[in-house]
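Single-letter residue listing:
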Amino acid sequence: MKFRPAGKNRLVLITLLGIVILMYGCSATTREISPDANIHYDEAYDFTDKKAIVNDLVKSLLGKPPLVARYDRPVIIVYGVRNRTSEHIDTSGITDDIRREILQSGKARFVNKVQRGNIIREMAYQYGGNVDPATRVEKARQIGAEYMLTGTLRSIEKHEPKQWRTHKKTLMYYSLTLELTDLKTGLVEWTDSAEIARESSKPIIGW
Amino acid sequence: MLFVMLAPVLLCGCATGSLQKARSEFYSGHADVAAQILDSEDDVSDTDALLFYMEKGAIKYSVGDFHGSIKALLRASALMEQQETIRLSQETASLVTSDWIRDYKGEYAERLWVHTWLMLDYLMTNAWDDAMVEARKALKIYDAWPDVFKRAFFTRAVAAISFEAAGDIDGAYLEYRKLARLMDDPAPILPRLYALARFLGYDDDAARYEKELSGSALRHADQYGSSAEVIVFITTGRAPVKVARNIVLPPSIRFSFPAYMDRHTVFYPPAIYSGGHSEGSQTVTTNVARVLKASLHERMRKVLVREAARAAAKEAAVRQIDDETLRAIARITLFLLEEADTRSWQILPAFFTVAFIPVAQGDAEITLEFKERGRISLPGAAGPGRFRFFAVTGNGRLFSAADLAGEMGEPNREP
């Protein structure tokens, strides 16, 4: 016997089905993903790009002169990466990750430039008369940096020209160039760049 | 069918209530109260969300909460990007109701000023790279509608300043050059063009600009790179607001479309004194009303096409009603309810001005004299870095970026 609901019942069934679909579609879900997963929602810079860039550049910095041939853990100071893109990107996240990877490799050490002000404040406190002289940190013993690490993050964005279509495509290209400068000679001892290119397609019409 | 057409108009005919209250407090001189009202607002309707964040960003700027302004205007910027997708449901529904049910997308000029204000916020918080990011976004909008923004001088000047502060002198030079080409009288920009051309080694360009400069302007330009400069962002007056204009086609068709009504038309440039003399200072001003009207004019064709389509759709719907009396009532009701979308960014000023004030060695005091606000003094010589930024907001308050130095980023770099 075939199931064929009558007119009114059919309407009720369709309505109920619609409600069920809506409820399912509108429910919020959460799931954990691996930080190493390669996921992009659009063409913009994301955490996957940061990991890729950091991996490429750390490999290059550690595997090429001058660091590859140094075993005395030279001291580096990071002067930051300039953001020359069209997005607000926190480039300190990139340099923090690079610094972490290199420190953990044991090939170099870093001056903590960001905390210099706090170090001076703490020293002033220690010599302000409240701290046991036997436990005070000795002044003028900070280590000078031998190299300076700097960089520039650039992007080129291209959109499809205006025309009748249902989707709009965007091409995005990022390049991060880092350089290691010898503070004594002023020479660039190492430089390399990492590139990312991506195309995304967004619907022009939605509901 | 009539109820379906009327309900959205009745429900969505007004801007968010908190927005109206905030505007009222702002114009009564209580900008801090206005900022608090918008801070406590959690539930903003989707249709007015962009307007809400635009107004919030402008009010926050006017009370010196530049970080709060950045937060609000970044939300506005993100919404502008999302709104590039056309929402079929809203477009269809607006054909039988009115434009009030569509998400407010902002006039082209208002979108430009979201990025303009973000540039100002970032410059006032010493975030040069972020200011440059906003400069790039603003320049994209210029490129999309070049005729609309022919007279939007202030934004291009601030974009050039953002490039300068971030150390991209080539980028700054290009923008000043484009600005000089657009201005009726490029005299305010020539000293900078000369100074940058010399700095970059563009000797032919420098020689051309030098011919048009006077002694004091040349002297200040020669000191570019080694001398300090004070830059003041000034907002004055009130931008025009939209009102509805109507065209009636008897017996029962009414086209209602928005038009701008001026609120403040006279501009009095401030007199600037540095170390007691007025030489060397330059200003660049945008008349906001002119740009807004050009922007609306550019969009007007689409507005009128939609009006015509709506009139046809409503007429077709009314003709479905069999009863003569009901049909007449429906026609009259729809005639009366046809209302132009007059939402607009009302806290915009009537004029945006940037003042470039070179600071000579030992200059103790810089004073701005306004016809309507009296005299405002700025602390004199610049601190570390080449530029020292100040903002004089529409409610007459003065803020200095140097007060925030050290809070975010580094002082602006030497070029």
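The rules behind the values
- Residues numbered from 1 in each chain as written.
- Chains lettered and ligands numbered in written order.
- Predicted model: local features only at pLDDT ≥ 70, side-chain atom pairs only at ≥ 80, totals over all residues.
- Pairing = 2+ DSSP bridges.
- Helix = DSSP H or I, 4+ residues; strand = E, 2+ residues; numbered from the N terminus.
- Axes fitted to C-alpha atoms, helices over the stretch in contact; angles between N-to-C directions.
- Contact = placed C-beta atoms within 7 Å.
- Buried ≥ 20, exposed ≤ 12 C-beta atoms within 10 Å, placed from the backbone.
- Core = buried A, V, L, I, M, F, W, Y, C linked by C-beta atoms within 7 Å.

**Let's talk about the sheet that holds strand S11 (residues 398–400) of chain B**
Residue and element names in this part refer to chain B.
Now for step 1: The strand order across the open sheet built from five strands is S6-S7-S2-S10-S11, with neighbouring strands paired in mixed fashion. Two strands in the sheet have a free side with no partner beyond their single neighbour: strand S6 (282–287) and S11. Averaged over all adjacent pairs, the angle separating strand axes in this sheet is 15°, with direction ignored.
Now for step 2: Relative to S11, strand S10 (residues 387–392) runs antiparallel, the two sharing three bridges. From the neighbouring strand, Val-392 faces S11, where its bridge partner is Leu-398.
Now for step 3: Running over the sheet, helix H9 (residues 153–165) touches strand S2 (228–236), S6, strand S7 (351–359) and S10 and is turned about 130° from S6.

**Some points on unusual backbone geometry**
Note: most residues except glycine have negative phi, and most peptide bonds are trans.
Now for step 1: Following A:Pro65, the chain continues into A:Pro66 via a peptide bond in cis, with omega recorded as 5°.
Now for step 2: Here A:Pro66 lies in the loop between helix H2 (47–63) and strand S1 (75–84).
Now for step 3: The backbone of A:Arg73 sits at a positive phi, close to 50°, despite the residue not being glycine.
Now for step 4: If you trace the backbone, A:Arg73 turns up in the loop between H2 and S1.
Now for step 5: For A:Arg73, a count of 12 C-beta atoms within 10 Å puts it in the exposed group.
Now for step 6: One non-glycine residue with positive phi stands out, namely B:Asn126, at about 60°.
Now for step 7: You can see B:Asn126 is positioned in the loop between helix H7 (108–124) and helix H8 (128–144).

**Quick word on the nonpolar core**
Now for step 1: In this structure, B:Ile59, B:Met119, B:Leu123, B:Ala131 and B:Val232 are the most contacted members of the largest nonpolar core, which totals 108 residues.
Now for step 2: Sorting elements by how many residues they give to this core places H7(B) first, with 11 residues.
Now for step 3: Discounting residues that sit within four places of it in the chain, B:Leu123 has contacts with B:Ala131, B:Ile161, B:Ser162, B:Ala165, B:Phe389 and B:Ala401.
Now for step 4: Grouped together as the second largest cluster of nonpolar side chains are 24 residues, A:Val58, A:Leu67, A:Ile98 and A:Leu178 included.

**Examining the sheet that holds strand S8 (residues 365–370) of chain B**
Residue and element names in this part refer to chain B.
Now for step 1: The strand order S5-S8-S9 describes an open sheet built from three strands, whose pairing is antiparallel. Unpaired on one side and paired on the other, strand S5 (271–274) and strand S9 (374–379) mark the two borders of the sheet. Taking the axes of each pair of neighbouring strands and ignoring which way they run, one obtains an average angle of 20° across the sheet.
Now for step 2: Two elements, S8 and S9, share six bridges in a ladder whose sense is antiparallel. In the strand pairing of S9, Glu-369 is matched with Arg-375.

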